[in-house]
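Okay, here's what each chain looks like letter by letter:
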Amino acid sequence: MSQPKIKKKKFFNAGTYEKIDAFQQQGIKNIPSRMTTPTLESLSLQINDLNQQMKVIAQRLSSLLSVSGTHAQKSKGSQISSKGNKAEALLCSQANVRAALSTHFGKTVASVEKIPSKPHPKKSDLLLTFTDGSKVTVQNKDGDGRGRGHSYDRRAVSLVAPTSAELTETLRSVCLKDTTLKRCESSKPVSLDVVTRNILGVEDEFKPAFFLHTSTSNGVVTELSICPASTFMTKLTGDLYEQANPKRTCVHLSPNIYLQRKGGGKSDAHPDDIQMKVRFTDDIATVFTPLPLLPL
């Protein structure tokens, strides 16, 4: 029995699936092999399988990142900042921290509270309140700062050294790679002013009276040390260079203090800010007094 003829005009511009439907509707069983599209169907199944596998992989990756505490979209600086915030929260809540501070100051610490960072960040992180009503401001740095150092400040390049056009131009040239500008000489008094302002700030109420250094592990402060702000600043500024020293993408003010472009991930709103980093070397650590922590 001969196959019925097909009216070509019905699917002259139709897609492959519409043509196959037309064949079936007209009772044609032997559809031309070029129109059965086994390759398309096979690819479609493979794509579905791959999509399912990708979902499983994404779920496993998310689980691993959650367990490790790592956030793929966070920059290194953001992760360090987050770790520092967690350390501050632990200082506020950990009973043996209050006991160690009480012993050091010779009077009972009634509370340790975080100083609000809004409407703008303060140079002190925490406020210690004693039972006699007195208060002490402190700034804390957590973790090993011997490599790239701890970040003590970040701000727009024009605000780093507002009294020195020379250092500002050098920062734009070196850190922000502005080839239209040059490296200028910047003297030690300028560096001293920058370090003092950027570490202590200009608001007397929130200038740190003491600096703390902590080590944390598994959500617990395991090591704590303290240093008066005056002693810390004397140590930091004691070896400032006579002239600021531009190197590659940083401007070094001393062997342990340097200025660099903040950078950061795509979510950072101000990657061209300049941050000041201080390396927490063994020599600097000598001016900090370790505070023994009783077992929790």
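Residues numbered from 1 in each chain as written. Predicted model: local features only at pLDDT ≥ 70, side-chain atom pairs only at ≥ 80, totals over all residues. Heavy atoms only, no water.

(A) Quick look at unusual backbone geometry. Following Lys118, the chain continues to Pro119 via a peptide bond in cis, the omega torsion being 15 degrees. Within the secondary structure, Pro119 sits in the loop between strand S1 (109-114) and strand S2 (126-130). Residues other than glycine seldom take positive phi values, yet Arg248 does so here, at roughly 50 degrees. Positionally, Arg248 belongs in the loop between strand S7 (245-247) and strand S8 (250-252). (Helix = DSSP H or I, 4+ residues; strand = E, 2+ residues; numbered from the N terminus.)

(B) Structural context of the sheet that holds strand S3 (residues 135-142). A sheet is described by the order of its strands in space; here six strands give the open sequence S1-S2-S3-S5-S6-S11, paired in mixed fashion. With one partner strand each, in any of the chains shown, S1 and strand S11 (289-290) form the two edges of the open sheet. In this sheet, S2 lies alongside S1 in antiparallel orientation, the contact comprising five bridges. The partner of Ser111 across the bridge, within S2, is Thr129. Across the sheet, helix H4 (residues 95-105) is in contact with S1, S2, S3, strand S5 (210-217) and strand S6 (220-228); its angle to S1 comes to roughly 120 degrees. (Pairing = 2+ DSSP bridges. Contact = heavy atoms within 4.5 Å. Axes fitted to C-alpha atoms, helices over the stretch in contact; angles between N-to-C directions.)

(C) Spotlight on the nonpolar core. Of all hydrophobic cores here, the largest spans 31 residues; its most connected members are Ile199, Phe232 and Leu253. Of all the secondary-structure elements, those providing two or more residues to this core are helix H5 (157-160), helix H6 (165-174), helix H7 (188-200), helix H8 (229-237), strand S9 (257-261) and strand S10 (274-278). The leading source of residues in this core is H7, at five residues. Excluding its chain neighbours within four sequence positions, the residues that come into contact with Ile199 are Lys123, Gln139, Tyr152, Pro208, Phe211, Met233, Leu236, Met276 and Val278. (Core = buried A, V, L, I, M, F, W, Y, C linked by side-chain atoms within 4.5 Å. Buried < 20%, exposed > 50% of the residue type's maximum accessible area, 1.4 Å probe, protein only.)

(D) How the structure looks around H7. With 13 residues, H7 should reach 18 Å at 1.5 Å per residue; the first-to-last C-alpha distance of 18 Å fits that figure. Of the residues making up H7, those classed as buried are Val190, Ser191, Val194, Val195, Arg197, Asn198, Ile199 and Leu200. Where H7 terminates, the next one or two residues include Gly201, which has phi positive at roughly 80 degrees. (Expected span 1.5 Å × (residues − 1).)

(E) Main features of the environment of Thr131. Within the secondary structure, Thr131 sits in the loop between S2 and S3. Between the C-alpha atom of Thr131 and that of Ala110, which follows or precedes it by 21 residues, the distance is 5.3 Å. Among residues more than four places away in sequence, those in contact with Thr131 are Thr108 and Ala110.

(F) Highlighting the sheet that holds strand S4 (residues 150-155). Across the sheet, which stays open at both edges, the five strands sit in the order S4-S10-S9-S8-S7 with antiparallel pairing between neighbours. Both edges of this open sheet fall to S4 and S7, since each of them pairs with a single strand only. Pairs of neighbouring strands in the sheet enclose a mean axial angle of 25 degrees, with direction left out of account. With respect to the sheet, H7 is in contact with S4, S9 and S10, its orientation differing from that of S4 by roughly 95 degrees.

(G) Region of interest: the packing of aromatic side chains. On inspection of all chains with the given rule, the structure shows seven aromatic pairs. On the numbers, 5.3 Å between centres and 70 degrees between planes, the contact of Phe105 with Phe130 is edge-to-face. Residue Phe105 is located in helix H4, and its partner Phe130 is located in strand S2; the two are separated by 25 residues in the primary sequence. Following the ring pairs from residue to residue traces out a cluster consisting of Tyr152, Phe211, Phe232, Phe280 and Phe288. Positioned above the aromatic ring of Tyr152, the side-chain terminus of Lys141 is 4.6 Å from the ring centre. (Phe/Tyr/Trp six-rings, centres within 6.5 Å; stacked < 30°, edge-to-face > 60°. Lys NZ or Arg CZ within 6 Å of the ring centre and 35° of its normal.)

(H) A look at the pattern of salt bridges. According to the stated counting rule, one finds twelve salt bridges in the structure shown. Residue Lys114 pairs with Glu88 through a salt bridge whose shortest N-O separation is 3.6 Å. One end of the pair, Lys114, is in strand S1; the other, Glu88, is in helix H3 (residues 76-93), and 26 residues separate them in sequence. Relative accessible area serves as the criterion here: at 41%, Lys114 is assigned to the partly exposed category. Taking relative accessible area as the criterion, Glu88 reaches 10% and is therefore assigned buried. Close ionic contact of Asp144 with Arg146 constitutes a salt bridge, the shortest N to O distance being 2.9 Å. One salt-bridge network, in which partners are shared between bridges, spans Lys123, Asp153 and Arg155. (Salt bridge = Lys/Arg side-chain N within 4 Å of Asp/Glu carboxyl O.)

The values are spatial; any link to function lies outside them.
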